[in-house]
Amino acid sequence: MAIQFPVERFAGIRTPFYYYDTNILHQTLDAINTEIKKHNNYFVHYAVKANANLKVLKVINEAGFGIDCVSGGEIEQVLKAGFPANKIVFAGVGKSDWEIELGIDKGIFCFNVESIPELEVINEIAASKGKVATVCFRINPNVGAHTHANITTGLAENKFGIDMQDMEKVIRSAQSMKNVQFKGLHFHIGSQILEMDDFIALAHRINDLQDQLEAADIHIEIVNVGGGLGVDYKNPQGNPIPNFKDYFAVYDKYLKLRPGQTIHFELGRAMVAQCGALITKVLYVKENAIKKFAIVDAGFTDLIRPALYDAHHKIVNLNSNEDGEIYDVVGPICESSDVFDKDIALPKTHRGDFLALLSAGAYGEIMASGYNCRRLPEGYTSDELE
Ligand code: LLP
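Residues numbered from 1 in each chain as written. Predicted model: local features only at pLDDT ≥ 70, side-chain atom pairs only at ≥ 80, totals over all residues. Heavy atoms only, no water.

### Some words on the overall build of the chain
In step 1: In terms of helices and strands, the chain carries 12 helices and 17 strands.
In step 2: Here the C-alpha radius of gyration of the chain, 22 Å, is about what a compact globule of 386 residues would show, namely 21 Å.
In step 3: Principal-axis analysis of the C-alpha atoms places the extent of the chain at approximately 70 × 40 × 40 Å.
In step 4: When burial is assessed residue by residue, the chain has 57% of its 386 residues classed as buried.
In step 5: Within the chain, residue pairs in contact and separated by at least 24 positions form 71% of the contacts whose partners lie at least 6 positions apart. (Helix = DSSP H or I, 4+ residues; strand = E, 2+ residues; numbered from the N terminus. Rg over C-alpha atoms; globule rule 2.2 N^0.38 Å. Buried < 20%, exposed > 50% of the residue type's maximum accessible area, 1.4 Å probe, protein only. Contact = heavy atoms within 4.5 Å.)

Here it is, written out as structure tokens:
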């Protein structure tokens, strides 16, 4: 079922705002649970960077998922939402000391470590607290992904992870430290990936690395393959639930897990993108010699993806079903990149109409900024507006 908009409930809510359809969210989470429950060693940690709205987080926690954090702020937020600390994985190339301390104090599941200097600091801080921190190494698998360059992460030129040829050396060094316990490997090749071949390539790479480790008599418990599954931005209403079946089947078929190993996934976008929309009001319709502009009250401060990644969010008019006209949908910010879409057909649009920018549940509200001293958008769930 496509996202539903209770437009009559929107009156009186300050625009722009994010709207989350909890039915879609539940259906998405159920679809994931259906797949992973076929295995007893599959664990999904929701990548909270995609959306840290507390109401959304509570639904995800209730569905039993773990969580992937990349900052101390995210750890604080997910603890507030009720996630147990022992389901938190903590990644990031530049963890500050206070963030490492927080992770150790709270007893998180695992640090995904991206360099030797970071490992040394984790070991030192854990020692100062008389604790042992569980660590996995993020390995840069040098596997490409067919996605936007700004969201490709698994190539040698990217800043992320540890080079494959250094893998054994860093593991040995972790094994020689008293206050870290090395447990496994972590990978992440990029985001908005729709070609299963990219994940197959990652699975093959992990198999090779596991063979290498076995030959060196190194045994691991945790294989974390990261996230990256994409969503259908072109046809969100026709295809609201990502293809989790094929995604998990790739790992089932191609990844050779050893007995006792667990596999961990860090899905962000695929879990929350399609349940959310940015709701904005049309302020003015302005025409010049060549164009018609629908000027809305949301700008790239509310949804930066089109400006930053040339991303496309389908736009629908929630009030008008008059005959179509061609518009550029633009925001109020004083920059030419503040454009949501160009030359799109919308029903004839008027001042006061609500427009919804679809597939905005991931990397929408969370990436909002206060540029131009604009207010941050609020987020509401369908349950609240019933
Ligand atoms: N794990 C790691 C280590 C990551 O860096 C990311 C995303 C994820 C998991 C979750 O990836 P997902 O399943 O959501 O693809 N702001 C960009 C996306 C940036 C993704 C950063 N890392 C956008 O709006 O497209």
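### Section: the nonpolar core
Inside soluble globular proteins, nonpolar side chains tend to come together where they are buried.
In step 1: Residues Phe5 and Phe137 are the most contacted members of the largest nonpolar core, which totals 120 residues.
In step 2: Here this core takes eight residues from helix α8 (residues 196-215), the largest share from any one element.
In step 3: For Phe137, the contacting residues outside a window of four places in its chain are Val113, Leu119, Ile162, Val170, Ile171, Ala174, Phe182, Gly184, Leu185 and His186. (Core = buried A, V, L, I, M, F, W, Y, C linked by side-chain atoms within 4.5 Å.)

### Side note on the site of the ligand
In step 1: Ser191, Glu266, Arg305, Tyr309 and Tyr363 are the nearest of the 19 residues found near the ligand.
In step 2: Between the ligand and Asp68, the relevant distance is 3.5 Å, taken from a nitrogen atom to a side-chain nitrogen or oxygen of the residue.
In step 3: For the ligand, an oxygen atom lies 2.9 Å from a polar atom in the backbone of Gly268.
In step 4: Relative to its unbound accessible area of 590 Å², the ligand is 91% covered by the protein chains.
In step 5: Class assignment for the residues of the shell around the ligand results in six nonpolar, seven polar and six charged. (Near = heavy atom within 4 Å. Polar contact = N/O pair within 3.5 Å; in protein donor to acceptor, adjacent residues only side chain to side chain. Areas by Shrake-Rupley, 256 points an atom, 1.4 Å probe, with all protein chains shown as cover. Nonpolar A, V, L, I, M, F, W, Y, C, P; charged D, E, K, R; others polar.)

### Notes on the packing of α8 against helix α9 (residues 244-254)
Each pair of packed helices can be described by the angle between their axes along with the distance between the axes.
In step 1: Viewed as axis vectors pointing N to C, α8 and α9 meet at an angle of 25°, and their least axial separation amounts to 9 Å. Taken together, the axes of α8 and α9 lie roughly parallel to each other. Of the two possible hands of crossing, α8 and α9 adopt the one that is right-handed. Facing α8, whose interface residues are Met196, Phe199, Ile200, Leu202, Ala203, His204 and Asn207, α9 presents Asp246, Tyr247, Val250, Tyr251 and Tyr254.
In step 2: A per-class count over the contact of α8 with α9 returns nine nonpolar, two polar and one charged. (Axes fitted to C-alpha atoms, helices over the stretch in contact; angles between N-to-C directions. Parallel < 35°, antiparallel > 145°, perpendicular 65-115°, else oblique. Left-handed = near helix turned anticlockwise from the far one by under 90°.)

### Examining the pairing of strand β2 (residues 42-47)
In step 1: With respect to burial, β2 is a largely interior element, five of its six residues being buried.
In step 2: Pairing geometry for β2 and strand β3 (residues 66-69), over three bridges, is parallel. By the bridge assignment, His45 is partnered in β3 with Gly66.
In step 3: Taken together, β2, helix α3 (residues 54-62) and β3 form a β-α-β motif whose crossover is right-handed. (Pairing = 2+ DSSP bridges. Right-handed = clockwise from strand over helix to strand, strands pointing away.)

### Overview of α8
In step 1: Taking 1.5 Å of rise per residue, 20 residues should cover 28 Å, and α8 covers 29 Å from first to last C-alpha, within 8% of that figure.
In step 2: Looking only at α8, the buried set comprises Met196, Asp198, Phe199, Ile200, Leu202, Ala203, Ile206, Asn207, Leu209, Gln210 and Leu213.
In step 3: Buried residues belonging to α8 abut β6 (133-140), α7 (167-175), β8 (180-186), β9 (222-224) and α9.
In step 4: Downstream of α8 by one or two residues, Asp217 has phi in the positive range, about 60°. (Expected span 1.5 Å × (residues − 1).)

### A closer look at the environment of Asn158
In step 1: Checked against the element boundaries, Asn158 lands in the loop between β6 and β7 (162-163).
In step 2: Along the backbone, Asn158 and Ile206 are 48 residues apart, and their C-alpha atoms lie at a distance of 18 Å.

### Section: α3
In step 1: When we look at burial in α3, the residues that qualify are Val56, Leu57, Val59, Ile60 and Asn61.
In step 2: For α3, the elements touching its buried residues are β1 (17-20), α2 (22-36), β2, β3, α4 (72-80) and α10 (269-272).
In step 3: N-capping of α3 is provided by Asn53, with a side-chain oxygen placed 2.8 Å from the backbone N of Lys55.

### Regarding the packing of aromatic side chains
In step 1: Here the structure, examined in full by the defined rule, presents 18 aromatic pairs.
In step 2: Consider the rings of Phe10 and Phe354, whose centres lie 5.8 Å apart with planes at 80°: the pair is edge-to-face. Of the two residues, Phe10 is situated in helix α1 (residues 7-10) and Phe354 in strand β16 (residues 354-357); the sequence distance between them amounts to 344 residues. The same class applies to Phe10 as to Phe354, namely buried.
In step 3: Residues Phe199 and Tyr247 carry aromatic rings whose centres are separated by 5.0 Å and whose planes lie at 85° to one another, so their mutual orientation is edge-to-face. With Phe199 in helix α8 and Tyr247 in helix α9, this pair connects stretches of sequence that are 48 residues apart. Tyr247 shares its class with Phe199; the two are buried.
In step 4: An aromatic cluster of three or more residues is present, and its members are Phe5, Phe10, Phe17, Tyr19, Phe354 and Tyr380.
In step 5: Just above the ring of Phe90 sits the side chain of Lys95; from NZ or CZ to the centre is 5.5 Å. (Phe/Tyr/Trp six-rings, centres within 6.5 Å; stacked < 30°, edge-to-face > 60°. Lys NZ or Arg CZ within 6 Å of the ring centre and 35° of its normal.)

### Some thoughts on the packing of helix α5 (residues 97-106) against helix α6 (residues 116-128)
In step 1: One way to put it is that α5 packs onto α6 with a least axis distance of 10 Å and a crossing angle of 55°. Overall, the two elements α5 and α6 adopt an arrangement that is oblique. Every pair of crossing elements has a handedness; the one defined by α5 and α6 is right-handed. Taking contact as the criterion, the partners of Asp97, Ile100, Glu101 and Ile104 in α5 are, on α6, Val121, Ile122, Ile125 and Ala126.
In step 2: Grouping the constituent residues of the contact of α5 with α6 by class yields six nonpolar, no polar and two charged.

Everything listed here is a matter of geometry and, on its own, says nothing about what the molecule does.
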